[in-house]
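The chain contents come next:
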Amino acid sequence: KAGVTQTPRYLIKTRGQQVTLSCSPISGHRSVSWYQQTPGQGLQFLFEYFSETQRNKGNFPGRFSGRQFSNSRSEMNVSTLELGDSALYLCASSLGPRGLAGAETQYFGPGTRLLVL
Amino acid sequence: LAKTTQPISMDSYEGQEVNITCSHNNIATNDYITWYQQFPSQGPRFIIQGYKTKVTNEVASLFIPADRKSSTLSLPRVSLSDTAVYYCLVGELNRDDKIIFGKGTRLHILP
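Residues numbered from 1 in each chain as written. Chains lettered and ligands numbered in written order. Predicted model: local features only at pLDDT ≥ 70, side-chain atom pairs only at ≥ 80, totals over all residues. Heavy atoms only, no water.

K.L.:
Whenever I open this one, the sheet that holds strand 2 (residues 18-23) of chain B confuses me. Can you help?
P.N.:
The strands making up a sheet are joined through hydrogen bonds of the backbone, oriented either antiparallel or parallel. Residue and element names in this part refer to chain B. If you walk across this open sheet you meet the four strands as 2-7-6-5, and the pairing is antiparallel. Strands at the two margins of the open sheet, each flanked by one partner only, are strand 2 and strand 5 (53-56). Going across the sheet, the axis of each strand differs from the next one's by a mean of 15°, ignoring polarity. Bridge analysis of strand 5 against strand 6 (residues 61-64) gives four bridges, and the strand direction is antiparallel. Its bridge partner lying in strand 6, K54 is registered against F63. (Pairing = 2+ DSSP bridges. Helix = DSSP H or I, 4+ residues; strand = E, 2+ residues; numbered from the N terminus. Axes fitted to C-alpha atoms, helices over the stretch in contact; angles between N-to-C directions.)

Given below as structure tokens:
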């Protein structure tokens, strides 16, 4: 079974531009979560989608948005890029929605490395 | 989300058994404990998950004492390729939490 795939793997943008990142979950997985990872802040949760609905959202500005399609593929968009948005963006999928107990295992993709100049 | 405390870094040698302990004093009754491994510029990889006592799979063991306030990830006979960052995750997302993965433990395996 193929793992989580993310495209593109690397991206260079300039300040003020916008970017769209794509994530294809493991076949049969319906939950997709997005994370931002930076050396200083570690791995931070952006949002989670399940059955095309955003279930949870982390503490990020409105410039960060996402959506999920009927085939569970997901995209995230960052508008008006800032230098601080340079990071590794990770997507993770799981069979069901994530719950407070943490029993739902997440499977991560390789990430998209975004560099904002 | 229960806060976790792990050692920042550890060194060990090839062939040794490595134990990484995570403290989670305010773990909730229903919380699971999950460990992930991450190599540079890659996404975290699930290693093992448990709720209580001991869990073992093909790559690791997870020991959880009765009070569940800590857990220990055990890696048998490590190799150089086990050099990575290991994250202990307790419970799941709390809507108000910004950081759900801690800093992790940077494990360095020496030849």
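K.L.:
So what exactly am I meant to see when it comes to the pattern of salt bridges here?
P.N.:
Side-chain pairs of opposite charge can arise whenever the charged atoms involved come near each other. Residue and element names in this part refer to chain A. Following the criterion strictly, the structure yields five salt bridges over all chains and no others. Where R63 meets D85, a salt bridge forms, and the shortest distance between an N and an O atom there is 2.8 Å. Here R63 is found in the loop between strand 6 (53-57) and strand 7 (64-68), whereas its partner D85 is found in the loop between strand 8 (74-78) and strand 9 (87-94), with 22 residues between them in sequence. With a shortest N-O distance of 3.4 Å, R73 and E75 are connected by a salt bridge. We classify R73 as partly exposed; its relative accessible area is 25%. Overall, E75 belongs to the buried group, its relative accessible area being 16%. Salt bridges here are not isolated pairs; linked through shared partners, they connect R63, E82 and D85. (Salt bridge = Lys/Arg side-chain N within 4 Å of Asp/Glu carboxyl O. Buried < 20%, exposed > 50% of the residue type's maximum accessible area, 1.4 Å probe, protein only.)

K.L.:
Mind showing me how you'd approach unusual backbone geometry here?
P.N.:
Most peptide bonds are trans, and most residues other than glycine sit at a negative phi. Cis geometry marks the peptide bond from A:T7 to A:P8; its omega dihedral reads -10°. Along the chain, the position of A:P8 falls in the loop between strand 1 (5-7) and strand 2 (10-13). In the Ramachandran plot, B:T53 falls in the positive-phi region, its phi being about 55° despite a non-glycine side chain. With respect to the helices, strands and loops of the structure, B:T53 is situated in strand 5.

K.L.:
Help me understand the nonpolar core in this model?
P.N.:
Soluble, globular proteins show a tendency: their nonpolar side chains are buried together. One finds A:W34, A:L46, A:F64, A:M76 and A:Y89 to be the most contacted residues of the largest nonpolar core, which totals 21 residues. Of all the secondary structure elements, the ones that give two or more residues to this core are strand 3 (19-24), strand 4 (31-38), strand 5 (42-50), strand 8, strand 9 and strand 11 (112-116) of chain A. Ignoring anything within four residues of it in the chain, the contact list for A:L46 reads A:W34, A:Y35, A:Q36, A:K57, A:G58, A:F60, A:F64, A:M76 and A:Y89. Counting residues in hydrophobic clusters, the runner-up holds 20 residues, among them B:I47, B:A60, B:L62 and B:L73. (Core = buried A, V, L, I, M, F, W, Y, C linked by side-chain atoms within 4.5 Å. Contact = heavy atoms within 4.5 Å.)

K.L.:
Would you mind going over the packing of aromatic side chains with me for this structure?
P.N.:
Evaluation of the coordinates by the stated rule reveals seven aromatic pairs over all chains. Between A:F108 and B:Y36, the ring centres sit 5.8 Å apart and the planes meet at 85°, which makes this aromatic pair edge-to-face. You can see A:F108 sitting in strand 10 (residues 107-108) and its partner B:Y36 sitting in strand 3 (residues 33-38), one on each of two chains. For the pair formed by A:F108 and B:Y36, the shared burial category is buried. (Phe/Tyr/Trp six-rings, centres within 6.5 Å; stacked < 30°, edge-to-face > 60°.)

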